[in-house]
Amino acid sequence: MALTKKGEFWYGTTSGDTQAELRSYSVANRHEATRFAASKCSSCGCRTFALQSDEEAGVAIRTCTDCGEEHLMGDSADHLEGSEPETHECVCENEVFELMSGVSVVEGTHKVRWYYIGCHCVECNLVGVFADWPCEAGDAAAFLAKV
């Protein structure tokens, strides 16, 4: 399915739809995401999560909906102290998402410049960027391996 706009929100059904919305958002933010990775639980393989983040601190935590494992995303472990992550909720009040991370990189390098977390609501199919922040996390491939 292609992205469909209903009111002020975008809806889709595939990870490609989430990635497209993430890219559009990042272009408008003037730090275009060029590398992407979908989240998958390293313990059980599940692809749905609850998400908490603190954009000011640069922290994101995903909690697997099957096994309950919490995972610090990207370089969040480096910024956890003093952070106050808050739970994300969809406009339909659901708190379960498929997650797609995207990063922009410093021109001419592989170093992360900006981090985006795109969410696909498993209840109503809303897609959107629920968190983003400037990020100096080093190598983009290593960073995205931890989302």
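Residues numbered from 1 in each chain as written. Predicted model: local features only at pLDDT ≥ 70, side-chain atom pairs only at ≥ 80, totals over all residues. Heavy atoms only, no water.

**What about the overall build of the chain?**
- For the chain, the helix and strand inventory stands at 2 helices and 10 strands.
- Walking the chain from its N terminus toward its C terminus, one meets helices and strands in the order β-β-α-β-β-β-β-β-β-β-β-α.
- Over its C-alpha trace the chain gives a radius of gyration of 14 Å, about what one expects of a compact globule, namely 15 Å for 147 residues.
- Oriented by its inertia axes, the alpha-carbon framework of the chain measures out at about 35 × 35 × 25 Å. (Helix = DSSP H or I, 4+ residues; strand = E, 2+ residues; numbered from the N terminus. Rg over C-alpha atoms; globule rule 2.2 N^0.38 Å.)

**Quick word on the pairing of strand S4 (residues 49-54)**
- Of the pairings in the sheet, the one linking S4 to strand S5 (residues 59-64) comprises 6 bridges and is antiparallel in character. Note on S5: the bridge partner recorded for Ser53 is Ala60.
- If you look at the hairpin formed by S4 and S5, you'll find 4 residues sitting between the two strands, and Gly58 has a positive phi there, around 80°.
- Across 2 bridges, the pairing between S4 and strand S7 (residues 86-87) is antiparallel. The residue bridging Ser53 from the neighbouring strand is Glu86, located in S7. (Pairing = 2+ DSSP bridges.)

**Details of the side chain of Ser26**
- Note that Ser26 resides in helix H1 (residues 15-28).
- For Ser26, a relative accessible area of 0% gives the class buried.
- At a separation of 2.8 Å, a polar atom in the side chain of Ser26 contacts the main-chain amide nitrogen of Ala33.
- If we ignore the near neighbours within four places in the chain, the residues touching Ser26 are His31, Glu32, Ala33 and Tyr116. (Buried < 20%, exposed > 50% of the residue type's maximum accessible area, 1.4 Å probe, protein only. Polar contact = N/O pair within 3.5 Å; in protein donor to acceptor, adjacent residues only side chain to side chain. Contact = heavy atoms within 4.5 Å.)

**Here's the deal with the pairing of strand S8 (residues 97-105)**
- Burial within S8 is extensive, with 8 of its 9 residues counted as buried.
- Bridge count for strand S3 (residues 35-38) against S8 is 4 bridges, and the pairing is antiparallel. Following the sheet pairing, Ala38 is matched in S8 by Met100.
- As paired strands, S8 and strand S9 (residues 112-121) are joined by 9 bridges and run antiparallel to one another. Bridging from a neighbouring strand, Ser104 pairs with Trp114 of S9.
- Where S8 folds back onto S9 in an antiparallel hairpin, the turn is made up of 6 residues, including Gly108, whose phi is positive at roughly 80°.

Function cannot be inferred from these measures alone, as they are strictly geometric.
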